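A closer look at the structure
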Amino acid sequence: MSIQENYELAKKAYEKWGINVDKVIEKLKNVPISIHCWQGDDVGGFEVNPNELSGGISVTGNYPGKASTPEELRADLEKALSLIPGKHRVNLHAIYAETNGAVVERDQLEPKHFENWVKWAKENGLGLDYNPTLFSHPKADDGLTLSHPNEEIREFWINHCIGSRKIGEYFGKELGTPALTNIWIPDGYKDIPSDRLTPRKRLKESLDKIFAVETDENYNLDAVESKVFGIGSESYVVGSHEFYLNYAMKNNKLCLLDTGHYHPTETVSNKISSMLLFSEKLALHVSRPIRWDSDHVVILDDELKEIALEIVRNDALDRVIIGLDFFDASINRVAAWTIGTRNMIKALLNAMLVPNGYLKQLQEEGNFTERLALMEEFKTYPFGAVWDNYCEKMGVPVRESWLEEVKAYEQEVLLKR
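Okay, so let's go over this structure. These numbers come from a predicted model, not from an experiment.

On a plain count of helices and strands, the chain comes out with 14 helices and 12 strands. Expected size for 417 residues packed as a compact globule is a radius of gyration near 22 Å; at 22 Å, the chain falls within 12% of this value. By its C-alpha atoms, the chain is 65 × 55 × 40 Å across when sized along the principal axes. Burial statistics for the chain: of 417 residues in total, 54% are counted as buried. Relative to all contacts within the chain whose residues are 6 or more apart in sequence, the contacts with residues 24 or more apart total 81%. Accessible surface, the chain as shown: approximately 18700 Å² in total, 49% of it carbon and sulfur. Charge separation in the chain, taken as the distance between the mean sites of 48 positive and 65 negative side-chain charges, equals 2 Å.

With that out of the way, let us pick up the pattern of salt bridges. Inspection of every chain in the model, using the stated rule, returns 24 salt bridges. Residue E266 pairs with K271 through a salt bridge whose shortest N-O separation is 2.7 Å. Classification of K271 by relative accessible area gives buried; the value is 17%. Because the salt bridges share partners, they merge into one network encompassing E8, K11 and D22.

It is worth spelling out the pairing of strand β4 (residues 179-183) at this point. Taking burial as the measure, the 5 residues of β4 include 5 buried ones, the bulk of the element. Burial of β4 is two-sided: the residues A179, T181 and I183 facing one way and the residues L180 and N182 facing the other way are all buried. As paired strands, β4 and strand β6 (residues 220-225) are joined by 5 bridges and run parallel to one another. Bridge pairing in β6 links A179 to N220.

Of all hydrophobic cores here, the largest spans 121 residues; its most connected members are W117, L146, F171, L207, L284 and L348. Formed by 7 residues, the second largest nonpolar core is a distinct cluster that contains L180, L221, A223 and I321.

It is worth spelling out the state of the cysteines at this point. For the structure on display, the rule yields 0 disulfides. Of the cysteine sulfurs around C161, a residue in no disulfide, the closest is that of C255, at 16 Å. A residue is classified by how much of its surface remains accessible, and C161, at 1% relative accessible area, is buried.

In this section: a nonpolar patch on the surface. Residues M249, L277 and F278 make up a contiguous nonpolar surface patch of about 380 Å² in total accessible area. Examined against the element boundaries, M249 turns out to sit in helix α7 (residues 241-251). Residue classification places M249 among the partly exposed positions, given a relative accessible area of 39%.

A few words now on the packing of helix α3 (residues 70-81) against helix α10 (residues 333-352). Between α3 and α10, the least distance of the axes is 9 Å, while the angle of their chain directions is 40°. As far as their axial angle goes, α10 and α3 are oblique. With respect to the hand of their crossing, α3 and α10 are arranged in right-handed fashion. Where α3 abuts α10, its residues L73, D76, L77, K79 and A80 lie against V334, W337 and T338. Grouping the constituent residues of the contact of α3 with α10 by class yields 5 nonpolar, 1 polar and 2 charged.

Mapped onto the fold, L197 is located in helix α6 (residues 197-212). Separated by 41 residues in sequence, L197 and V238 place their C-alpha atoms 8.7 Å apart.

Here we take up helix α1 (residues 3-15). In a regular helix each residue adds 1.5 Å, so 13 residues correspond to 18 Å; α1 covers 18 Å between its end C-alpha atoms and thus fits that length. Where α1 is concerned, the buried positions are Y7, A10, K11 and Y14. Taken down its axis, α1 places every buried residue within 110° of arc, on the same side. Elements in contact with the buried residues of α1: α2 (21-29) and α13 (383-393).

Turning next to the packing of aromatic side chains. Describing an aromatic ring pair means giving the distance of the ring centres and the angle of the ring planes. All chains considered together, the criterion is met by 18 aromatic pairs. Where F114 meets F171, the ring centres are 5.9 Å apart and the plane angle is 80°; that geometry is what we call edge-to-face. Pair noted here: F114 is in the loop between β2 (89-93) and α4 (115-124) and F171 is in helix α5 (residues 151-175), with a separation of 57 residues, a long-range link. With relative accessibility at 0%, the residue F114 sits in the buried group. Given the relative accessible area of 0%, F171 is considered buried. Taken together, a centroid distance of 5.2 Å and an interplanar angle of 85° make the contact between F243 and Y244 edge-to-face. Residue F243 shares its accessibility class with Y244, and that shared class is buried. Among the aromatic residues, those joined into a cluster by ring pairs are Y14, W17, Y358, F378 and Y381. Against the face of F156 rests K139, its NZ or CZ located 4.9 Å from the ring centre.

What counts and how
Residues numbered from 1 in each chain as written. Predicted model: local features only at pLDDT ≥ 70, side-chain atom pairs only at ≥ 80, totals over all residues. Heavy atoms only, no water. Helix = DSSP H or I, 4+ residues; strand = E, 2+ residues; numbered from the N terminus. Rg over C-alpha atoms; globule rule 2.2 N^0.38 Å. Buried < 20%, exposed > 50% of the residue type's maximum accessible area, 1.4 Å probe, protein only. Contact = heavy atoms within 4.5 Å. Areas by Shrake-Rupley, 256 points an atom, 1.4 Å probe, with all protein chains shown as cover. Lys, Arg positive; Asp, Glu negative; His and termini not counted. Charge placed at Lys NZ, Arg CZ, Asp CG, Glu CD. Salt bridge = Lys/Arg side-chain N within 4 Å of Asp/Glu carboxyl O. Pairing = 2+ DSSP bridges. Core = buried A, V, L, I, M, F, W, Y, C linked by side-chain atoms within 4.5 Å. Disulfide = S-S within 2.5 Å. Patch = residues over 30% accessible without salt bridge, like charges linked within 9 Å, V, L, I, M, F, W, Y side chains within 5 Å. Axes fitted to C-alpha atoms, helices over the stretch in contact; angles between N-to-C directions. Parallel < 35°, antiparallel > 145°, perpendicular 65-115°, else oblique. Left-handed = near helix turned anticlockwise from the far one by under 90°. Nonpolar A, V, L, I, M, F, W, Y, C, P; charged D, E, K, R; others polar. Expected span 1.5 Å × (residues − 1). Arc of directions from axis to C-beta. Phe/Tyr/Trp six-rings, centres within 6.5 Å; stacked < 30°, edge-to-face > 60°. Lys NZ or Arg CZ within 6 Å of the ring centre and 35° of its normal.

Structure representation (structure tokens):
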């Protein structure tokens, strides 16, 4: 059977439950995923004097073809985007600035250092998001930045974050879609601290100074991101979930939930509904932790499906900003982007092809037998036929055929670097 014939059969199966598959596909087209640039070069960046990766971040593997210039990274992103259905965004870190060979400290970065990225984004119809880089720097060598006891070091990072928000605002103005500027810091202690409060007081004061400089929310959205622990900060992280949740709520900022930044027994999917009750918007970094925040490539596992279900069943597609955050140097990096992003979109499509309203009704009625039966049966409904049709309509490869394009790109481009 052809892709279209399989699609027509699938439509009939879903229409029995009142699901208009054509409308689902039209809706899915308008859901952007923010694709992180740092998968393409192992979180290296383009600083003139590059620093060793730090901040509890580890990238393992030495697969050939890593991007080493902005041009190479953008070309690799373009290749991945050509294999992913829909129109999306690209997420940048400060270390991806282009300074024309000049040494520019991070607290001196300006919009002009990202003009090439903006030009490229315009040409490709993309939005841009941004992150200050508070790691891989001599002033972060001891694992402290915005909470550092040295005021001079704190001021350096405060100024970096202020400048970053202005860069995010520049992205929003130029591209007509607001940038999410997200602050994550590695601050913490390896062993049990004797004082948990004072570093958190300093972090709060630093954030207050950063956000005292106004940016236009039409162009820049501020987010703060927590973490439970990191390599080198196993016993204590200054920016905990409780800290940032309270700070975001009190100061009208977005709280960003990274799926790798919680205890292994916690799930971000279980947090989404609570967050949406009290926040107009929520931001996500979708990753895949294995035993710790290991940032594996996103797969279509149960937690990813549940995250998508929580967003869709609560009618929050326009309230949850979905970004990705993984970096694997053991496989083809273009393939990593493609696999992870396609899986995020698959999870959203799968969630849209569930009779969520009826399942909610069954729960309210206490009909848990039918609820469980239907939830299980829908796991084997013909979702794949709808996905294939969507890819074909969007002009990207269907099923695993995209892999052949990546293999060809590897031979023609990546292995020649």
